[in-house]
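# Coordinates in review
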Amino acid sequence: MSTSEPWWKGAILYHVYVRSFFDSNGDGHGDLPGVMAKLVYIKSLGVDGLWLSPIHPSPNRDWGYDTADYQGVQADYGTLEDVRKLLDAAHAAGLKVVLDEVLSHTSDVHPWFVESLSGGKDGPKANWYVWADPQDDGTAPNNWLSVFGGPAWAYQPARRQHYHHKFLRQQPKLNWRDPGAREAALSVLDFWLEAGVDGFRLDVAGTFLHDADLTPNPVVPMDERKGYNWSHAGNLQRHLYDSNLPENVETLDTIRSRVDAFSDRFVFGEFSEEEARCGAYLSPADGLHSGYTFVMLLARKLQSGFVTDHYATLAAYPDHWPTISFSNHDVPRTVSRFGGKSASPELAKMMFALLVSLKGTTLIYQGEELGLPQAALPRDLLRDPVGDLYWPYDGGRDGCRTPMPWTPGPHMGFTTGTPWLPLAGEHRGLSVEEQEADSESALAFSRAFIAFRKASMAMTRGDIDFMALAEPVLGFVRRHGDEQIVCLFNFSDEPQFIEHPSLETASLLPLRAGDADMRGASIGLAPYAAVFLTLS
């Protein structure tokens with residue numbers, strides 16, 4: 001396969017949520033030695049690298065997404081030496097390692113914030129965070145709302161001012177408009193690139209800049225509000241001024257340039273709001289190398305539009321290279337989101353095949369290769385602040401963060417101690433050990449399908465053209481040079497029969513999920529089938 005393109009273009013990254021992956025020392029928390037212990041497994045999947053959830057010291061108000069020291073390692077994860085060992089072992093195995101960096105905000109115990117708060121309005125770090133005077137009646141400076149509920153401002157009597165926090169009160173917003181704060185954040189990238197990491201996933205990459213005039217966010221008009229808007233109070237306003245500014249584009253370009261100073265590295269971002277406005281769809285020469293949005297992560301209806309609508313958006317930005325994800329540590333697991341509590345194993349295989357077939361750099365969340373469903377946890381076992389905030393309407397994110405099931409034994413092989421989150425009863429029978437003994441398992445299919453993709457330039461880096469097919473079948477062709485592969489997916493639990501002129505010269509490939517019966521330009525698809533054909 002050609003190596004003229006950068007390694008990340010068409011790569012598959014395995015997203016490791018470290019705390020729930022594998023516990024090497026029995027303290028109930030996954031750790032870096034645990035990741036290293038499972039590198040053989042990760043390598044066996046056929047992926048190109050791993051993306052680690054945040055590894056830095058944190059008080060864990062938001063489980064690592066509230067950083068207290070950018071150059072350190074969370075104590076229950078290991079040490080800097082463990083990072084070096086993991087990097088060496090991963091690189092020796094031919095795997096890239098990408099870190100998750102949260103540079104838009106810090107923890108409120110980070111020394112930068114402590115100095116900004118305690119040093120007064122004239123201190124050296126006074127403007128490293130977003131401070132503003134209260135209104136005369138003591139209320140917040142403006143109407144900005146937090147993603148996690150309530151005003152996006154917290155009052156501090158030491159400064160007689162509010163500070164801005166887009167998320168939890170304990171996650172103050174770093175002021176990227178201040179040159180000192182900006183350079184300090186960029187230096188974090190230098191530190192870890194020099195240590196040998198292969199790149200970064202940037203958390204909430206549309207939020208680096210805020211409006212300096214603190215202009216209020218406009219409301220979403222009442223007649224335009226949908227279920228998504230009512231799901232969180234913050235979704236009832238458009239986030240045009242607390243974040244997602246057009247100038248964010250320049251910041252993304254600066255970040256990528258900083259990363260490009262080191263050869264063969266990759267930086268991609270998470271974008272959750274006003275994606276086009278804040279730079280989510282830029283080319284690798286103008287913004288980050290790549291990015292993903294929540295469009296498919298939030299989708300719950302198994303209809304072609306959840307894919308075709310997103311790619312119609314991407315078509316307006318032909319120089320952008322997308323990152324594609326169906327599942328991660330922030331959203332319910334794919335099979336449960338689309339199939340509910342009684343989702344079939346066939347659906348899991350079909351969704352995995354769809355994910356890996358789409359054009360872009362692919363993110364696979366740990367356990368997605370096993371077809372794991374979402375876990376249901378009682379309130380007293382929740383650790384996620386979002387789950388506590390909206391209980392019982394929303395159980396938060398813990399249901400997708402339960403520990404990885406390795407064996408059918410105690411605590412499913414994750415730990416010899418007491419796990420920080422319980423193992424999911426829904427995952428019984430789906431452990432790695434049990435699936436490795438089953439040639440028809442989701443794991444066996446996932447490995448075979450990744451190998452299929454990596455052997456094909458069309459599937460790895462080719463263009464994508466969608467076929468005009470009626471629901472519930474989605475079809476597209478991946479093309480690269482003379483290689484053309486038709487990809488068909490039955491989104492229904494009923495058999496489907498389709499006709500298309502391109503199928504007249506097509507040949508069925510042996511790798512598929514579910515059965516297919518081809519006759520001329522017609523093909524029958526079993527429930528939740530994923531079928532692939534070559535065009536001559």
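To be clear, the structure that these remarks concern was listed above.
About the thresholds
- Residues numbered from 1 in each chain as written.
- Predicted model: local features only at pLDDT ≥ 70, side-chain atom pairs only at ≥ 80, totals over all residues.
- Heavy atoms only, no water.
- Helix = DSSP H or I, 4+ residues; strand = E, 2+ residues; numbered from the N terminus.
- Expected span 1.5 Å × (residues − 1).
- Buried < 20%, exposed > 50% of the residue type's maximum accessible area, 1.4 Å probe, protein only.
- Phe/Tyr/Trp six-rings, centres within 6.5 Å; stacked < 30°, edge-to-face > 60°.
- Lys NZ or Arg CZ within 6 Å of the ring centre and 35° of its normal.
- Pairing = 2+ DSSP bridges.
- Axes fitted to C-alpha atoms, helices over the stretch in contact; angles between N-to-C directions.
- Contact = heavy atoms within 4.5 Å.
- Parallel < 35°, antiparallel > 145°, perpendicular 65-115°, else oblique.
- Left-handed = near helix turned anticlockwise from the far one by under 90°.
- Nonpolar A, V, L, I, M, F, W, Y, C, P; charged D, E, K, R; others polar.

The subject of this paragraph is helix α14 (residues 442-454). With 13 residues, α14 should reach 18 Å at 1.5 Å per residue; the first-to-last C-alpha distance of 18 Å fits that figure. Taken together, the buried positions of α14 are occupied by Ala442, Leu443, Phe445, Ser446, Phe449, Ile450, Phe452 and Arg453.

Attention shifts here to the packing of aromatic side chains. The geometry of an aromatic ring pair comes down to the distance between the two centres and the angle between the two planes. In this structure the tally under the stated criterion is 35 aromatic pairs. Each member of the aromatic cluster is reached from another via a ring pair, and the members are Tyr311, Phe445, Phe449, Phe452, Phe466, Phe476, Phe489 and Phe532. Across the ring face of tryptophan 420, the terminal group of arginine 19 is positioned such that the distance to the ring centre comes to 5.9 Å.

What follows covers the pairing of strand β13 (residues 473-480). Of all eight residues making up β13, six are buried, and the element is well covered by its neighbours. For strand β12 (residues 463-466) and β13, the ladder comprises four bridges, and the chain directions are antiparallel. Paired with aspartate 465 across the strands is valine 477, a residue of β13. The antiparallel hairpin formed by β12 and β13 contains six residues in its connecting segment. Adjacent in sequence and paired antiparallel, β13 and strand β14 (residues 483-490) are bridged by two residues, among which glycine 481 carries a positive phi angle near 60°.

Attention now moves to the sheet that holds β12. A sheet is described by the order of its strands in space; here five strands give the open sequence β12-β13-β14-β19-β16, paired in antiparallel fashion. Every other strand in the sheet has two partners, leaving β12 and β16 (506-508) as the edge strands with one partner each. Ignoring strand direction, the axes of neighbouring strands in this sheet form an average angle of 30°. Each of β12 and β13 is contacted by helix α9 (residues 305-315), which is oriented at about 125° to β12, the strand it contacts most. Helix-sheet contacts for helix α11 (residues 345-357) involve β13, β14 and β19 (530-535), and the interaxial angle to β14 is about 145°.

Take glycine 425: it is sitting in the loop between α12 (385-390) and α13 (432-436). The exposure class of glycine 425 is partly exposed, given its relative accessible area of 33%. Along the chain, glycine 425 and tyrosine 393 lie 32 residues apart, while their C-alpha atoms are 21 Å from each other.

Okay, the packing of α11 against α14 next. Relative to each other, α11 and α14 sit at 20°, their axes nearing to 10 Å. Taken together, α11 and α14 sit at an angle that is classed as roughly parallel. Of the two possible hands of crossing, α11 and α14 adopt the one that is right-handed. Within the contact between the two elements, α11 uses Lys349, Phe352, Ala353, Val356 and Ser357 and α14 uses Ala442, Phe445, Ser446, Phe449, Ile450 and Arg453. Its residues assigned to classes, the contact of α11 with α14 comprises seven nonpolar, two polar and two charged.

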